[in-house]
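Residues per chain, in single letters:
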Amino acid sequence: MAAASPGPERRGAGARGRLRPRPAIEALTPYVPGRPAGSRDGSLASNESPLPTSAAVQRALRAAGHDLNRYPDPLAGELRARLGEELGVDPEQVLVGNGSDELIYLLVIAYAAGGGRVLCADPPYRVHEIAALALGAEVVRVPLRDWAHDLEQMAGVEAELAFIGNPHNPTGTALPREQLEHFLRTCRARLVAVDEAYLDFCDDALAVSSIPLVASGRLVCLRTFSKIAGLAGARVGYMVGSVEIVAALRRFRPAFSVSSLAQAAALAALADDRRRQRLRRYTIRSRRRLAALFREHGYASLPSQANFILVLAPDEQRLVERLAAAGISARPGSTLGVPGAVRLSVPSPAGFELLERALAGS
Ligand SMILES: *Cc1c(COP(=O)(O)O)cnc(C)c1O
């Protein structure tokens, strides 16, 4: 066999022939996912549901498991029909994705990739920013004001696409609907994507979806089964928008990105409104308890409308290590663009016990 000879110097190959990605990719600071803890109850770094997979979802998964020789329904027709009923929209206005993270990439590809502008808050939800940078868009960040989106400043920025977290991650702050409506009327962004991953955890007054605003054709809502439906591992999210925007993304989306198992799990979770209500009530109660616990130990936190709190901790690294020593993983604020803070998800009752012990033993 002949020895391989070095190939011709190509674009992207360095001096020693090392293959390099595009400069936009090389320049990216990688997304650092939350680390799981040694135990389920101690895993508080990724805003997951503390409830285990429901029996109904497990049954649906077993049934769907019989047909894995078949491709999934590419358009998730049944799931979109149910979502349409639940949300009061035409199923043609709904696009299901491999988590809302996939839909974020699709939106950037369709509306901003290759030189367009993407507007987001500073700190942003990292996936909004990474998708934009990876796809060659220019990112404009507008600093939060009092920990919430500065919609007035954001409205003045010309952009192809604006991402608004409502509630925002990593702060847990939510925006009243009037403010979002005003932003939509006045902003210079062509398309606004409101990320409602945590909306179902809001107190009643703020749990108001922007879905009615999609009729404007300039706004889409991103939602997910990862948080309120407790299916982070299944990877199902959806977008609600105008028929035109949904059709644009359908032209190029990976046809089979949402597996048949994921679709079955989502359908079963969607049918179980009682469980979602239970998780909502538990979360609202528990985030207050979580904030009170940290306050007792000298830490302030931001008032949260989500299933996590952001604890203000000048000793970020020390606090993260102390919690880790007690079997709890929390998210260092530095990995989220908020140094001097630690983000923790609402724990299970056993998780609270771990946390109480960890904080008391300091
Ligand atoms: C968790 C989260 C999501 C959900 O992402 P999936 O891909 O659906 O799991 C979306 N947006 C924000 C802001 C989040 O924090």
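Cut-offs applied
- Residues numbered from 1 in each chain as written.
- Predicted model: local features only at pLDDT ≥ 70, side-chain atom pairs only at ≥ 80, totals over all residues.
- Heavy atoms only, no water.
- Patch = residues over 30% accessible without salt bridge, like charges linked within 9 Å, V, L, I, M, F, W, Y side chains within 5 Å.
- Areas by Shrake-Rupley, 256 points an atom, 1.4 Å probe, with all protein chains shown as cover.
- Salt bridge = Lys/Arg side-chain N within 4 Å of Asp/Glu carboxyl O.
- Lys, Arg positive; Asp, Glu negative; His and termini not counted.
- Charge placed at Lys NZ, Arg CZ, Asp CG, Glu CD.
- Helix = DSSP H or I, 4+ residues; strand = E, 2+ residues; numbered from the N terminus.
- Buried < 20%, exposed > 50% of the residue type's maximum accessible area, 1.4 Å probe, protein only.
- Phe/Tyr/Trp six-rings, centres within 6.5 Å; stacked < 30°, edge-to-face > 60°.
- Lys NZ or Arg CZ within 6 Å of the ring centre and 35° of its normal.
- Pairing = 2+ DSSP bridges.
- Axes fitted to C-alpha atoms, helices over the stretch in contact; angles between N-to-C directions.
- Contact = heavy atoms within 4.5 Å.
- Near = heavy atom within 4 Å.
- Polar contact = N/O pair within 3.5 Å; in protein donor to acceptor, adjacent residues only side chain to side chain.
- Nonpolar A, V, L, I, M, F, W, Y, C, P; charged D, E, K, R; others polar.

Asker: Break down a positive patch on the surface for me, with residues and values.
Answerer: Together, Arg274, Arg278, Arg281 and Arg285 give the surface a local cluster of positive charge. The topology assignment puts Arg278 in helix α10 (residues 273-296). On the accessibility criterion, Arg278 (46% relative accessible area) is partly exposed.

Asker: Residues and numbers for the packing of aromatic side chains, please.
Answerer: Applying the stated criterion to the full structure yields four aromatic pairs. Plain terms: the ring middles of Phe225 and Tyr238 are 5.8 Å apart, the flat faces sit at 55 degrees to each other, and that makes the pair tilted. With Phe225 in the loop between β6 (219-224) and β7 (237-240) and Tyr238 in strand β7, the pair connects residues that are 13 residues apart, well separated along the chain. Taking the relative accessible area as the measure of exposure, Phe225 reaches 4% and is therefore buried. An angle of 70 degrees between the planes, with centres 6.0 Å apart, marks the rings of Phe294 and Tyr299 as edge-to-face. When sorted by exposure, Phe294 lands in the same class as Tyr299, which is buried. Cation over ring: Arg289 sits above Phe352, and NZ or CZ is 3.8 Å from the ring centre.

Asker: Let's hear about the pattern of salt bridges: which residues, and what values?
Answerer: Applying the stated rule across the entire model yields 18 salt bridges. When the shortest N-O distance is used, the salt bridge between Arg188 and Glu158 registers 2.6 Å. A residue pair is termed long-range when its members are at least 10 positions apart, and Arg188 in the loop between α7 (177-186) and β5 (189-195) and Glu158 in the loop between α6 (151-155) and β4 (159-165) qualify at 30 residues. Arg177 is the partner of Glu181 in a salt bridge, and the nearest nitrogen-oxygen pair spans 2.8 Å. Note that Glu181 and Arg177 are positioned in helix α7 at a spacing of four residues, about one turn of the helix.

Asker: Could you give an account of the sheet that holds β5, with specific residues and numbers?
Answerer: Strand order in the open sheet made by the seven strands is β1-β7-β6-β5-β4-β2-β3, with mixed pairing throughout. Two strands bound the open sheet, and with one partner strand each, they are β1 (94-97) and β3 (138-143). Put simply, the sheet's adjacent strands are angled 25 degrees from each other on average, direction ignored. When β4 meets β5, the two strands line up parallel, connected through six bridges. Each bridged residue has a counterpart across the sheet, and for Gly165 the counterpart in β5 is Asp195. Where helix α3 (residues 77-87) meets the sheet, it contacts β1, β6 and β7, and its direction lies at approximately 130 degrees from that of β1. Strand contacts of α7: β4, β5 and β6, with the helix running at about 160 degrees to β5, the strand carrying the most contacts.

Asker: Explain the side chain of His149 to me, and be specific about the residues and the numbers.
Answerer: Mapped onto the fold, His149 is located in the loop between β3 and α6. For His149, a relative accessible area of 7% translates into the label buried. Setting aside residues up to four positions removed in sequence, His149 forms contacts with Ala121, Leu144, Met154, Phe163, Ile164, Gly165, His168 and Leu175.

Asker: How would you explain the site of the ligand if you had to name every residue and give the values?
Answerer: What surrounds the ligand is the set Gly99, Ser100, Asp101, Tyr125, Asn169, Asp195, Ala197, Tyr198, Thr224, Ser226, Lys227 and Arg235. A distance of 2.7 Å separates a nitrogen atom of the ligand from a polar side-chain atom of Asp195. When isolated, the ligand has an accessible area of 380 Å², and the protein chains bury 94% of it. Top element by residues in the shell around the ligand is helix α4 (residues 99-111). It accounts for three residues. Residue classes in the shell around the ligand are distributed as three nonpolar, five polar and four charged.

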